[in-house]
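Structural characterization, general
Read off the chains here:
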Amino acid sequence: MSCHFLPRLWTLMSLSNSPRKWQAVSNRQNWQRTLTRPPASSSPRAAAAMPNSVLWAVDLFGKVYTLSTAGQYWELCRDSPLEFKRVSATTQCCWGIACDNQVYVFVCASDVPIRRREEAYENQRWNPVGGFCEKFLPSDRWQWSDVSGLQHRPLDGVALPSRHWEWESDWYVDENFGGEPTEKGGWTYAIDFPATYTRDKKWNSCVRRRRWIRYRRYKSRDTWAKIPSKEDPKQLPDPFNDLSVGGWEITDEPVGRLSVWAVSLQGKVWYREDVSHPNPEGSSWSLVDTPGEAVQISCGPHDLLWVTLWEGQALVREGINRNSPKGSSWSIVEPPASENGIVHVSVGVGVVWAITKDRKVWFRRGVNSHNPCGTSWIEMVGDMMMVNVGLNDQVWGIGCEDRAVYFRQGVTQSELSGKTWKAIVASRESDRSHSGSSSSLLSAGCFFGDEVRGSGESCAPSDTDASLEADRPGPDQPVPAESVDGPRNPRDSLASGTGRTPELAVEVAGLATQTPGPEPRPGAASTPAELPWTNIDLKEPKRAPSHSAASFPETTGLSSLGLLPLGLEEPYGADDHPLWAWVSGGGCAVEAHAVLKWFTVQSGLSPPVQTLSLSIMPAQTAAWRKQIFQQLTERTKRELEHFRHYEQAVEQSVWVKTGALQWWCDWKPHKWVDVRVALEQFTGLDGARDSILFIYYVVHEEKKYIHVFLNEVTVLVPVLNETKHSFALYTSERTRQRWPVHLAAATEQDMNDWLALLNLSCCESRRVHGRPSPQAIWSITCKGDIFVSEPSPDLEASEHMLPCDQMFWRQMGGHLRVVEANGRGVVWGIGYDHTAWVYTGGYGGGCFQGLASSTSNIYTQSDVKCVYIYENQRWNPVTGYSSRGLPTDRYMWSDASGLHECTKAGTKPPSLQWTWVSDWSVDFSVPGGTDQEGWQYASDFPASYHGYKTMKDFVRRRCWARKCKLVTSGPWLEVAPIALGDVSIIPESPSTDRSGHSIALWAVSDKGDVLCRLGVSELNPAGSSWLHVGTDQPFTSVSIGACHQVWAVARDGSAFYRGSVSPAQPAGDCWYHIPSPPKQRLKQVSVGQTSVYALDENGNLWYRQGVTPSYPQGSSWEHVSNNVCRVSVGPLDQVWIIANKVPGSHSLSRGTVCHRTGVQPRQPKGQGWDYGIGGGWDHISVRANATRALRSRSQETATGWSGEPGLPSTPSRAAGAPHEARGPVCC
């Protein structure tokens, strides 16, 4: 057996764990979409590279195929009633034109249904005779109307817009008004129509109204739905010839809106109105005038729209924005050459690609939102029938001669033109059964011989192997015209056996014929000996071919003859590659670091042989593995036995690392001081390690130092700002003072090295290693860093409780905004961009490498957030609103508070790890609403802002937003495809029976939909599918308690309780409205075993009284504390919060972890607060901590705790609390 057999065997074993495909099964009764996925034990590396998205394509026979970024087979879209001419895709849907010239839309299935609420208002007026009735004044509104009262809207007159919708329920009265329940009947009262309505009836209430609600649901998912068109010929004068979908990222565009453009056979341009996620088919077509007859159209994700004309010119639409999605005017762009006009164009975010009549490919320079026309044309290499620009400005094309799909490699933000074309050689899914038996036998022979061939590496081929691999044609490699006995280059044979597809030929000659010539074929694949393309801006000079005609395989396929046979039952033979007519990458996200399987021909082991071999090999190799292990063990004992009587030469080892950092001086004047630091680590005879950090500084030419014992360090926190790579070091004493040791490095790499080293030393001192335990407490800072702490049994003790400032926190890799844990090891997180992530079981990542990080279960993670600044103006009688304010006014460009100046040019990303990914744009989604230009008005700074101008408004402001992106790594895998706003996992105590039931997990999407995750378990923490739970309004927060009691908070600030939730009925049956505290709007709720806590928008913490098993809704709210920004209730009803305005030695601290003390069954609200780590913390989850005290203790009253309902003024301590936390050992 060869020495390299074992690693290659492990390579094959890792390949067998590739993820299975997702299967969709419809369940109409539960309004859900079930997605099956592999268990957590299978390898998720393929899915970890990037979320699965698909590339859409149409072949010459009109069949639609999709190719997943994680797959390597074209899958036929079987639910296709007709053949299609072309398609245009996005991430959520695909529009297409069928051969009947009608428009169809394919809406991808999702766990969240598309629901649209229909409203109608019933109006009544009071009269002295009959009271409130349907008798109105002549000037009154209709009895049944819309919200404005101007349109007649009877209940029986509201019809479904098309046959693709269905009603979910009948009409019912909405009895909720502004988060408060109304009287029975849902009536609201006012003095007259129209006026301000209230839920209380007064003596002067002369009119009243109530709202009727009915939901309709879009039912045509995962199928081609025909877009309804008007029968009037004036509305649709002729069939459509081309269409394009985009505009989902138009500046300030509402989320989910799309721009659908089309071109008719008469050369007219049409726009589909009101296309959005809640209305996927739109409402109507509107004509857009053009200065010429259009042929083809392309719409980008942002505000780029190009149209090609019959004359060969291009039209560019200008003025596209939020208020005018159809734009305002046209500009003409001349073609690259007058003799060859433009026949095809495709646009992206900031790029334009074009095809001219001679099939040359051109790239447009200087294209952006401010200059959509660009500056000049650059000719690219290659001949293409068409090109398409997808997400991230990636480019696909269809070869002119071979009709293969090509992908443009090397496209980045700094090099938008890319480097080279590479053919996609993925075969159709239906071709799997046509694989030849000879290749299977060859693979089996290779496996059972002395060599094992793995993916991505090639063993030394025999003559038979080389000839077979060289003769096997790929989708872009023509069939040889000569026999296999002709001359062949051995290096070419070896290269072809590796499965790597050659790149597109640099030079393009005339049409290919059956006779081999000295010139390469147009669009055909070049030989491996040709030079790959380099970074180009202009076309490369012509050069003579370097190979003889015999070394170039030629073809006499259908594409070279220029005709296709008609009436074939099977379009392609078993060995033919598909001939493509159209490709669309608008829904295909390819990241720069992604590894695709599109470019590798299936060779080597066939799937049946792989399955057979992997099932046989462990049994065959078990004997020799045990023998090797036994020999190594005996050798180790034999060699060490002779030296056991010797004494140790060195009793302990000392290791020292030094470096230069900056230190923030503790005394005035506070400033950064250059210091030398030294980390000394001692290792004793028992293997225990301890470390000391020395900081050497100079004061008045006198050398001094301070030292920190790392076994006393409680946390190391990166302090990310715009100018410094700094971090903070906390001890128990410095946590109480809110004054850590601040150190800064010169570069980001130096900071990461010191952070990783210090974290590893702290963990070694406390003997904390490996992944966190299932009962760990998770927290997140305001910067998105993730920390975890192992709970001590004394943390929740009734007496002699461990102060939480002595808890040791260690950092985990990744970047999140919300984290939620469960006692069975299931942890979910949500990023700033609302992406859901699940914990993989690893540890480390990010800057933690080597011993501080696990070698597996670490994946790339990205996050996107927005930075906001405000433009402020004041009104004056001369110029109106202007940037000239009073001397006492805020900065004209400031943050939300107005205290700090923030300009567009001076505002930087949150830290040096973030990079800008967009320009500044007006944010129209701020609370209070805006006008059409994004302004909010008020009487003065600061005040309550509203979105309309009144006579008393003398100031105004508008919010500007800019997106930035961070890329890191950590033990997290993305849970696609639904974006979440909140998540809650059921807390489980040690006494919980875990057998037979999955883990309950509830979530709220970013759009306010309530979801229940099915199939969550310890082996499959990501679950299998989402179950949608219907609501009457959007929700913002949800929490599930230990006894399956589910509470939620709606967007209007009201609370709801979900009834009848159980393992057998995971979604429950109905919602019960819970009134919020008086004059308060709730924003978050957390449920423990028996306790329910809620948090309002003003930072007040409330406890729900009267919650019992027989009456789980409770009776009333009782105020507990203020200055709270987050609450988490655990399985033992322990209460932890993130608090503001916590006193420290120098100032009040924001974002401090606090623990509620004195929580007992007879006193569930507790007595006071104990302060922990902070400030700068933003989120905490103790819902996995069910660790109780090791032994019972006498119930004595602990001194030092505050009994105030608010936060105590000084840090409190339990009597007799130990000085140091007991160092738990992680599993």
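Residues numbered from 1 in each chain as written. Predicted model: local features only at pLDDT ≥ 70, side-chain atom pairs only at ≥ 80, totals over all residues. Heavy atoms only, no water.

When you go through the protein residue by residue, the secondary structure sums to nine helices and 75 strands. In the protein, which comprises 1227 residues, the share counted as buried stands at 51%. Taking the intrachain contacts of the protein between residues at least 6 apart in sequence as the baseline, contacts between residues at least 24 apart amount to 59%. On the protein, roughly 56500 Å² of surface is accessible, and the fraction owed to carbon and sulfur atoms is 52%. (Helix = DSSP H or I, 4+ residues; strand = E, 2+ residues; numbered from the N terminus. Buried < 20%, exposed > 50% of the residue type's maximum accessible area, 1.4 Å probe, protein only. Contact = heavy atoms within 4.5 Å. Areas by Shrake-Rupley, 256 points an atom, 1.4 Å probe, with all protein chains shown as cover.)

What follows is about helix α9 (residues 748-766). The terminal C-alpha atoms of α9, which comprises 19 residues, lie 27 Å apart, in line with the 27 Å expected from a rise of 1.5 Å per residue. Within α9, 15 of the 19 residues are buried, leaving the element largely enclosed by the surrounding structure. Positioned one or two residues after α9, Arg767 has a phi angle of 60°, which is positive. (Expected span 1.5 Å × (residues − 1).)

Okay, the pairing of strand β73 (residues 1152-1157) next. Extensive coverage of β73 is indicated by the burial of six of its six residues. Both faces of β73 are covered, namely the face carrying Thr1152, Cys1154 and Arg1156 and the face carrying Val1153, His1155 and Thr1157. Sheet topology note: the β73/strand β74 (residues 1168-1171) ladder contains four bridges and is antiparallel. Bridge assignment links Arg1156 to a residue of β74, and that residue is Trp1169. (Pairing = 2+ DSSP bridges.)

All right, on to unusual backbone geometry then. Look at the link from Phe193 to Pro194: it is a cis peptide, with omega at -25°. With respect to the element layout, Pro194 can be found in the loop between β16 (188-190) and β17 (207-218). Cis geometry is found at the peptide bond from Ala976 to Pro977, where omega equals 5°. The phi torsion at Arg738 lies on the positive side, around 60°, for a residue other than glycine. Along the chain, Arg738 falls in the loop between α8 (732-737) and β42 (741-745). Phi is positive for Lys1079, which is not a glycine, with a value near 60°. Within the secondary structure, Lys1079 is located in the loop between β64 (1070-1074) and β65 (1082-1087). For Lys1079, a relative accessible area of 84% corresponds to the exposed category.

With that settled, the discussion passes to the confidence of the model for the protein. Mean pLDDT for the protein: 77, with 75% of residues reaching 70 or above. Scored below 50 in pLDDT, residues 1-50 shows 102 contacts in the model against residues more than four places distant or in partner chains. Residue range residues 1192-1227 is modelled with pLDDT below 50. Its contacts to residues more than four positions away, or to other chains, number 91 contacts. (pLDDT = per-residue confidence, 0-100.)

Turning to the nonpolar core, a few remarks are in order. Within soluble globular proteins, side chains that are nonpolar generally end up buried alongside one another. Formed by 39 residues in total, the largest nonpolar core has its most connected members in Trp828, Leu980, Trp1002, Trp1026, Phe1035 and Trp1071. In terms of residues, this core owes the most to one element, strand β58 (residues 1001-1005), which gives four residues. In terms of nonpolar packing, the next biggest core, distinct from the first, is built from 34 residues, Phe84, Met385, Ile398 and Trp598 among them. (Core = buried A, V, L, I, M, F, W, Y, C linked by side-chain atoms within 4.5 Å.)

Quick look at the pattern of salt bridges now. Scanning the model with the defined rule gives 24 salt bridges in all. In this structure, Arg125 engages Asp140 in a salt bridge whose closest nitrogen and oxygen atoms are separated by 2.6 Å. Here Asp140 lies in the loop between β10 (131-133) and β11 (144-145) and Arg125 lies in strand β9 (residues 115-127), a separation of 15 residues in the sequence. A residue is classified by how much of its surface remains accessible, and Arg125, at 11% relative accessible area, is buried. Here Arg1126 and Asp982 are joined by a salt bridge, their closest N and O atoms 3.9 Å apart. Here the residue Arg1126 occupies a position in strand β69 (residues 1124-1129), and Asp982 occupies one in strand β57 (residues 980-985), the gap between them amounting to 144 residues. Of the two residues, Arg1126 and Asp982, both sit in the buried class. Linked through salt bridges whose partners overlap, the residues forming this network are Arg117, Glu119, Asp174 and Arg211. (Salt bridge = Lys/Arg side-chain N within 4 Å of Asp/Glu carboxyl O.)

Two aromatic rings, taken as a pair, are described by how far apart their centres are and by the angle between their planes. Summed over the entire model, instances satisfying the criterion amount to 41 aromatic pairs. Note on Trp353 and Trp421: the rings are 6.0 Å apart at their centroids and 70° apart in plane angle, and the pair reads as edge-to-face. Placement of Trp353 in strand β28 (residues 352-356) and of Trp421 in strand β33 (residues 420-423) is noted, with a sequence separation of 68 residues between them. Grouped by ring-pair contacts, the aromatic residues Trp56, Phe84, Tyr104, Phe106 and Trp224 constitute a single cluster. The aromatic ring of Trp960 is capped on one face by Lys904, whose charged end is 3.3 Å from the ring centroid. (Phe/Tyr/Trp six-rings, centres within 6.5 Å; stacked < 30°, edge-to-face > 60°. Lys NZ or Arg CZ within 6 Å of the ring centre and 35° of its normal.)

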